[in-house]
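Single-letter residue listing:
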Amino acid sequence: MRLINKLNPENLEKLLNNKHESPNNYERALKALTENQSPWNLKLGDVVSVIRMAELDDCAAGIINFTKYFENEI
């Protein structure tokens, strides 16, 4: 399952709504979410883009929180 399918609907909507705020970060985040099945495959810049664009505030504290989010532990 792709990471974008694991993103909760509220955060997916935030990602889509933030498209015009930062088009480059949006494209990077969208590509990372649609082309990967594991958060461990992402580069640090991809992680930052996803956190920023999808407003994953709980994940901003660290990479472990980010991986737990996509492993449905948060």
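Residues numbered from 1 in each chain as written. Predicted model: local features only at pLDDT ≥ 70, side-chain atom pairs only at ≥ 80, totals over all residues. Heavy atoms only, no water.

### Here we look at the pattern of salt bridges
Applying the stated criterion across every chain yields a total of four salt bridges. Here lysine 14 and glutamate 55 are joined by a salt bridge, their closest N and O atoms 3.9 Å apart. Of this pair, lysine 14 sits in helix α2 (residues 9–17) while glutamate 55 sits in the loop between α4 (44–53) and α5 (63–70), and the two are 41 residues apart along the sequence. Residue lysine 14 is classed as partly exposed on the basis of its relative accessible area, which comes to 24%. Of the residues examined, glutamate 55 reaches a relative accessible area of 33% and is grouped as partly exposed. Between arginine 52 and glutamate 21 there is a salt bridge, with the nearest N and O atoms lying 3.8 Å from each other. Remark: glutamate 21 occurs in the loop between α2 and α3 (23–35) and arginine 52 occurs in helix α4; sequence separation between them is 31 residues. One salt-bridge network, held together by shared partners, links Glu10, Lys14 and Glu55. (Salt bridge = Lys/Arg side-chain N within 4 Å of Asp/Glu carboxyl O. Helix = DSSP H or I, 4+ residues; strand = E, 2+ residues; numbered from the N terminus. Buried < 20%, exposed > 50% of the residue type's maximum accessible area, 1.4 Å probe, protein only.)

### Notes on the packing of α3 against α4
To describe two helices that pack against each other, one gives the angle between their axes and the distance between the axes. Put simply, α3 and α4 touch, their axes get as near as 8 Å, and they point 110° apart. By the criterion of interaxial angle, the relationship of α3 to α4 is roughly perpendicular. Contacts between α3 and α4 involve Asn25, Tyr26, Arg28, Ala29, Ala32 and Leu33 on the former and, on the latter, Gly45, Asp46, Ser49, Val50, Arg52 and Met53. Grouping the constituent residues of the contact of α3 with α4 by class yields six nonpolar, three polar and three charged. (Axes fitted to C-alpha atoms, helices over the stretch in contact; angles between N-to-C directions. Parallel < 35°, antiparallel > 145°, perpendicular 65-115°, else oblique. Contact = heavy atoms within 4.5 Å. Nonpolar A, V, L, I, M, F, W, Y, C, P; charged D, E, K, R; others polar.)

### Brief notes about α5
One full turn of an α-helix is made of 3.6 residues, so residues set three or four places apart face in the same direction. For α5, the set of buried residues is Phe66, Thr67, Tyr69 and Phe70. An end-on view of α5 places all buried positions within 155° of arc, on one side of the element. The secondary structure elements touched by the buried residues of α5 are α1 (3–6), α2, α3 and α4. A positive phi of about 60° marks asparagine 72, the residue just after α5. (Arc of directions from axis to C-beta.)

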